[in-house]
Amino acid sequence: MGHYIVRRLLISIPVFLGITLLNFLIMNMAPGNPVDMLINPNIPKELLEIKKELLGLNDPLYIQYVKWLGGFFRGELGYSFSSFAPVSQLIGARIGPTLLLAAASMLVGILIAVPVGVISAVKQNSKLDYVMTGLSFLGTSIPPFFLGLGFIYLVGIKLKWLPTGGMSTLGGSGSFGDILMHMILPVIVLGITIAGKKVRYVRASMLDVLHQDYLRTARAKGLSEFLVTNKHALRNALIPIITIIGAEIPLVLGGSIIIEQVFQWPGIGQLTMEAILSRDYPTLMGINLIAACVILLTNLFTDIVYSIVDPRIKYS
């Protein structure tokens, strides 16, 4: 397993460089640049040209990319074009809230999707199955921003049960309980969206396993239906579901951008939107770097979990 992990990490290096190069080219193909955002009748064109020269925007693209890559290998991600703060400092301040929101939402989504999908498969074609399948379609169909606004209006404004924005109360102590209260609404909204997609996969995977011959043998030996379903069927049904969950993690980080905007959550999502609007290339490259690392590590983690869930899978 150790050799496999090292080999995968070495293979990830050219993939990682390819992702950063592609992101860099796409960003520079977009119209406009950071200096264009400073256009003001009171600023002479000569000063704008000096600004572009200082930021290195007049250099050829390959020189700009090599400079960024050199900074990355020295442990530097450059400075933001808009705030002039170190990119690593900006991302470091925002990554924690985003990971907290994404991890809690993923956990809630899985805790909803797995039991609902299993019950829906075991009770196939019953009224309960139809209700659960219908709710999963509803959770998938409703856009997260619309669902978030609905929760804000109903739970936050009308019922006044929960705070509707931010990570803590303004002027408050920022205690664990305060942060938890602010997390509930965004986590529920993102969790419902995740669960809506997963229920159908869990149900389909369980239905495929429930009709296998080895489960009939287990029932014939006198095992209870609870043990047959949860010990033998669920474990085998989880293997394809792990693939889907692993692929979903980067999408959850991307989806949190919308949720962070709706609930004013101070995470990477807000920073991404600010960087896009101001054409802040160094910050966008830093955020893409984090996203690429998450995708590569998630794929590696998924392969490792395979071998834990299914002992037949060996990496040597």
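Summary of the structure given here. (Residues numbered from 1 in each chain as written. Predicted model: local features only at pLDDT ≥ 70, side-chain atom pairs only at ≥ 80, totals over all residues. Heavy atoms only, no water.)

**Looking at the pattern of salt bridges**
Tallying each qualifying case throughout the model produces 3 salt bridges. One salt bridge in this structure joins Arg203 and Asp129, with 2.8 Å as the shortest N-O distance. With a gap of 74 residues between them, Arg203 in helix H7 (residues 176-210) and Asp129 in helix H5 (residues 127-141) connect regions that are remote in the sequence. Assessed through its relative accessible area of 1%, Asp129 is described here as buried. (Salt bridge = Lys/Arg side-chain N within 4 Å of Asp/Glu carboxyl O. Helix = DSSP H or I, 4+ residues; strand = E, 2+ residues; numbered from the N terminus. Buried < 20%, exposed > 50% of the residue type's maximum accessible area, 1.4 Å probe, protein only.)

**Remarks on the environment of Ile244**
On the secondary structure map, Ile244 appears in helix H9 (residues 225-263). Here Ile244 falls in the partly exposed class, since its relative accessible area comes to 24%. The residues contacting Ile244, other than those within four sequence positions of it, are Lys198 and Tyr201. (Contact = heavy atoms within 4.5 Å.)

**With respect to the packing of aromatic side chains**
Scanning all chains against the criterion turns up 5 aromatic pairs. Between Phe16 and Phe72, the ring centres sit 5.5 Å apart and the planes meet at 40°, which makes this aromatic pair tilted. With Phe16 in helix H1 (residues 2-29) and Phe72 in helix H3 (residues 61-73), the pair connects residues that are 56 residues apart, well separated along the chain. Relative accessible area serves as the criterion here: at 23%, Phe72 is assigned to the partly exposed category. Ring plane angle 25° and centroid distance 6.3 Å describe the contact between Tyr65 and Trp68, whose orientation is recorded as stacked. With Tyr65 and Trp68 both in helix H3 and 3 residues apart, the pair spans about one turn of that helix. (Phe/Tyr/Trp six-rings, centres within 6.5 Å; stacked < 30°, edge-to-face > 60°.)

**Some remarks on a nonpolar patch on the surface**
Among the surface-exposed residues, Tyr153, Leu154, Ile157, Leu159 and Trp161 lie close enough to one another that they form a single nonpolar patch of about 560 Å² accessible area. Tracing the chain through its elements places Leu159 in the loop between helix H6 (144-158) and H7. (Patch = residues over 30% accessible without salt bridge, like charges linked within 9 Å, V, L, I, M, F, W, Y side chains within 5 Å. Areas by Shrake-Rupley, 256 points an atom, 1.4 Å probe, with all protein chains shown as cover.)

**Things to note about the side chain of Thr193**
Counting through the fold element by element, Thr193 comes out in helix H7. Apart from the residues within four sequence positions on either side, Thr193 is in contact with Gly139 and Pro144.

**What to know about the nonpolar core**
Counting 34 residues, the largest nonpolar core has Met206 and Phe263 as its most contacted members. Only helix H4 (87-122), H6, H7, helix H8 (213-220) and H9 provide two or more residues apiece to this core. The element that contributes the greatest number of residues to this core is H7, accounting for 11 residues. Not counting residues up to four positions away in its chain, the partners in contact with Phe263 are Gly148, Ile152, Thr164, Gly165, Gly166, Leu185, Pro186 and Val189. Membership of the second largest hydrophobic core comes to 21 residues, among which are Met27, Leu69, Leu77 and Leu271. (Core = buried A, V, L, I, M, F, W, Y, C linked by side-chain atoms within 4.5 Å.)

**Quick word on the packing of H1 against H3**
The interhelical angle for the contact between H1 and H3, taken along N-to-C directions, is 135°, at an axis separation of 11 Å. Taken together, the axes of H1 and H3 lie oblique to each other. As for the relative orientation of H1 and H3, their crossing is right-handed in sense. Together, Phe16, Leu17, Thr20, Leu21, Phe24, Leu25 and Asn28 of H1 and Leu61, Gln64, Tyr65, Trp68, Leu69, Phe72 and Phe73 of H3 make up the contact between the two elements. Within the contact of H1 with H3, the residues separate by chemical class into 11 nonpolar, 3 polar and no charged. (Axes fitted to C-alpha atoms, helices over the stretch in contact; angles between N-to-C directions. Parallel < 35°, antiparallel > 145°, perpendicular 65-115°, else oblique. Left-handed = near helix turned anticlockwise from the far one by under 90°. Nonpolar A, V, L, I, M, F, W, Y, C, P; charged D, E, K, R; others polar.)

**Quick notes on unusual backbone geometry**
For Asn125, which is not glycine, the phi dihedral falls at a positive 65°. Tracing the sequence through the fold places Asn125 in the loop between H4 and H5. A positive phi is found at Gln264, a non-glycine position, where the angle reads about 55°. Tracing the backbone through its elements, the reader meets Gln264 in the loop between H9 and helix H10 (268-277).

**Some details on the environment of Asp178**
Following the sequence through the fold, Asp178 ends up in helix H7. As for Asp178 and Ala292, which are separated by 114 residues in sequence, their C-alpha atoms are 32 Å apart. Dropping the residues within four chain positions of it, Asp178 is found in contact with Met167, Ser168 and Thr169.

**As for H6**
Taking 1.5 Å of rise per residue, the 15 residues of H6 would be expected to cover 21 Å, and the 20 Å separating its terminal C-alpha atoms lies within 8% of that figure. Considering bend angle alone, the principal kink of H6 is centred on Ile152 and spans about 25°. All of the buried residues along H6 are Leu147, Gly148, Ile152, Val155 and Gly156. Positive phi shows up at Lys160, right after H6, with a value of about 55°. (Expected span 1.5 Å × (residues − 1). Bend = angle between axes of the 7 residues up to and from the residue.)

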